[in-house]
Amino acid sequence: TIDMVKTLNDMNITPIFFVKNSPSSLLINSNEKLKKDFNSDIHWASVTLESGEFSEWFKYTDQDNPKFSKVFCYYKPYSGFSPQRIELHPYTFINNKPRMNKLLDCISYLMIAQGDKSNPQIRPIAIAERYARLTKKYININKLIKSSGLVPTMNEERGFN
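Here the structure is a predicted model, which is why all the values come from computation and not from measurement.

Q: It is not clear to me how the overall build of the chain should be interpreted in this structure. Could you clarify?
A: A count of helices and strands for the chain gives nine helices and five strands. A globule of 161 residues ought to have a C-alpha radius of gyration of about 15 Å, yet the chain, at 19 Å, is considerably larger. Projecting the C-alpha coordinates of the chain onto the three principal axes gives extents of approximately 55 × 35 × 35 Å. Looking at the chain as a whole, 33% of its 161 residues are labelled buried. Taking contacts inside the chain between residues at least 6 apart in sequence as the whole, the part at least 24 apart equals 47%. Accessible surface, the chain as shown: approximately 11,000 Å² in total, 55% of it carbon and sulfur. The distance from the centre of the 22 positive side-chain charges to the centre of the 16 negative ones in the chain is 6 Å.

Structure, rendered in structure tokens:
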């Protein structure tokens, strides 16, 4: 993924990652008071952010491999719904800092344009999910895999898939 991020940046494409329902506690583990008051970063963002609000940006530096570091913020699109984490590689963040507010406005617009408050996410992801679900209705994936000659894993054979 890190190689892909670099390639996309070199092509003037801004890779942005959206994380829903994450049990992450990077933020609260870095602050003793937050650690006492909240169960997870999503819990913190749910309580702290107002509807339509983005948090400040935070930077996580991976101690084992700094290439895996990230810059992230939280966005709460609607009241009563779980916030989402928005992640960028630090290189992407630095290169896009002058237009970061425009990117966040675009993210907010794509969330509202998606139109489904029961499943808040940006429109391109919602469309991809719908397409994938419809495709699964018309294509028997298991039959296709078996006819391709691929060998199932032991868990698939036992029915744990």
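Okay, back to it.
Q: Please explain the environment of K102 as it appears in this structure.
A: Residue position: K102 is located in helix α6 (residues 100-114). Judged by its relative accessible area of 66%, K102 falls in the exposed class. A sequence separation of 27 residues divides K102 from Y75, and the C-alpha atoms of the two residues are 15 Å apart.

Q: What's the story with the side chain of S108 in this structure? I'm lost.
A: Mapped onto the secondary structure, S108 falls in helix α6. Among the residues examined, S108 registers a relative accessible area of 15% and is labelled buried. In this structure the side chain of S108 is engaged in a polar contact, spanning 3.0 Å, whose partner is the side chain of Y75. Contacts of S108, omitting those with residues within four sequence positions, involve F54 and Y75.

Q: Quick question: what am I supposed to make of the pattern of salt bridges here?
A: For side chains of opposite charge, pairing can occur when their charged atoms come near one another. Within the structure shown, the criterion is met by five salt bridges. Between R85 and E87 there is a salt bridge, with its nearest N and O atoms 2.6 Å apart. In terms of burial, R85 and E87 fall into one category: buried. Here R133 ties to E129 by a salt bridge, and the two come within 3.7 Å at their closest N and O atoms. Linking R133 with E129, this pair stays in helix α7 (residues 123-138), spanning four residues, or about one helical turn. Taking the relative accessible area as the measure of exposure, E129 reaches 27% and is therefore partly exposed. Among the charged side chains, a network of salt bridges with common partners joins K70, R85 and E87.

Criteria and cut-off values
Residues numbered from 1 in each chain as written. Predicted model: local features only at pLDDT ≥ 70, side-chain atom pairs only at ≥ 80, totals over all residues. Heavy atoms only, no water. Helix = DSSP H or I, 4+ residues; strand = E, 2+ residues; numbered from the N terminus. Rg over C-alpha atoms; globule rule 2.2 N^0.38 Å. Buried < 20%, exposed > 50% of the residue type's maximum accessible area, 1.4 Å probe, protein only. Contact = heavy atoms within 4.5 Å. Areas by Shrake-Rupley, 256 points an atom, 1.4 Å probe, with all protein chains shown as cover. Lys, Arg positive; Asp, Glu negative; His and termini not counted. Charge placed at Lys NZ, Arg CZ, Asp CG, Glu CD. Polar contact = N/O pair within 3.5 Å; in protein donor to acceptor, adjacent residues only side chain to side chain. Salt bridge = Lys/Arg side-chain N within 4 Å of Asp/Glu carboxyl O.

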